[in-house]
Amino acid sequence: MWLAIDTATEIASVAVGEVGGNSPERIIGARSMRGARQQSAQVIPLIQQLIDSAGVELTQISGVVVGDGPGSFTGLRIAWAVAKGLAQERELPLVAVPALLGAAHAAANGHAGPIAACFDALRGQVFAAIYRFPPGRVELVVAPGLFEIRELAQMAADRPLLAVGDGAQRYAAEVVSWTGRPPVGLDAVTPIAASLLRLSEWETARRAIDLASEPVYGRPAEAQAKWEARYGRPLPHSSR
């Protein structure tokens, strides 16, 4: 029984399910909430609501999957702090799966793709990646990075089946010009955390982490960027 936590975007989600062993994975329950400003206070209650509604005891959780970046700097730190706290308290294994991959997997809904996942990075840019989903595996088409939509389109050899995420919605006109379809919002697909649980069984999708590991932020935090611009050198002990 594993727990998945994702707060890489405006929509936070948690999921619990059976993974590994000799039986196929089974998602027992998933919940989500909108509002980045509420995540730090509401993620732990959301987990409690989830396990209560699923009839699961916290002592039954044997591992934690956490959504990796790039994504919201503050959001990533919230999920990782909660995941590390749970793992440290009960000495549980930790696994990270890119939230972009989780969003693309949720939007694919069984189709092979390709699927573009785009999270709003502000400043006219998106954190984005493109994936394919042949049966039983994932193929990376464009690696996660920081792009303008036009740059992402130039890197993709094939037109995506669709684009998902708040970044795709923010630049909807460019996305429609590129993919030929309106962007899909994260609230229109199954919670990312549920996909993270499913993807955590794929060697090509996950990375094992420990309590000293850090998320893939994608770029420095705004405060860090301003400090480095002011002093002309990297911030000591920074996320870089």
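A brief look at the structure comes next. Here the residue index of a chain counts from 1 through its sequence in written order. The predicted origin of the model limits local features to residues at a pLDDT of at least 70 and limits the giving and counting of side-chain atom pairs to 80 or more, whereas totals for whole chains, interfaces and linings rest on all residues. The side-chain numbers reported here are obtained from all heavy atoms of the structure, hydrogens and water having been left aside.

## Things to note about the sheet that holds strand E4 (residues 63–68)
Here six strands make up an open sheet; going across it, the order is E3-E2-E1-E4-E5-E10 and the pairing mixed. Each of the sheet's edge strands pairs with one partner strand only, and the pair in question is strand E3 (26–34) and strand E10 (207–209). Ignoring strand direction, the axes of neighbouring strands in this sheet form an average angle of 25°. With five bridges connecting them, E4 and strand E5 (residues 94–98) associate as parallel partners. Bridging across to E5, Asp 68 finds its partner in Pro 98. Contacts between residues were defined by any pair of non-hydrogen atoms, one from each residue, lying within 4.5 Å. Between the N-to-C directions of two axes lies an angle of 0 to 180 degrees, each axis being a line fitted to C-alpha atoms and, for a helix, fitted only over the stretch in contact. Numbering of helices and strands runs from the N terminus, with a helix taken as a DSSP run of H or I at least four residues long and a strand as a DSSP run of E at least two residues long. Relative to the sheet, helix H1 (residues 39–54) contacts strand E1 (2–6), strand E2 (11–18) and E3, its axis offset from that of E3 by approximately 150°. Two strands are said to pair when DSSP picks up at least two bridges between them.

## Focus on the nonpolar core
By size, the foremost hydrophobic cluster in this structure holds 39 residues, and its most contacted members are Leu 101, Ile 115, Phe 119, Tyr 131, Phe 133 and Val 164. For this core, the secondary-structure elements that each account for two or more residues are E1, E2, E5, helix H3 (99–108), strand E6 (115–120), strand E7 (126–132), strand E9 (162–164) and helix H7 (192–199). The residues touching Phe 133, leaving out its near neighbours within four places in the chain, are Leu 101, Ala 104, His 105, Ala 108, His 111, Ala 112, Ile 115, Val 138 and Trp 202. Buried Ala, Val, Leu, Ile, Met, Phe, Trp, Tyr and Cys residues form a nonpolar core when they are joined through side-chain atoms within 4.5 Å. In this scheme, a residue with accessible area under 20% of its type's maximum is buried, one over 50% is exposed, and one in between is partly exposed, where area comes from a 1.4 Å probe on protein chains only. Within the second largest apolar cluster, 27 residues are counted, among which are Leu 3, Leu 50, Val 64 and Leu 92.

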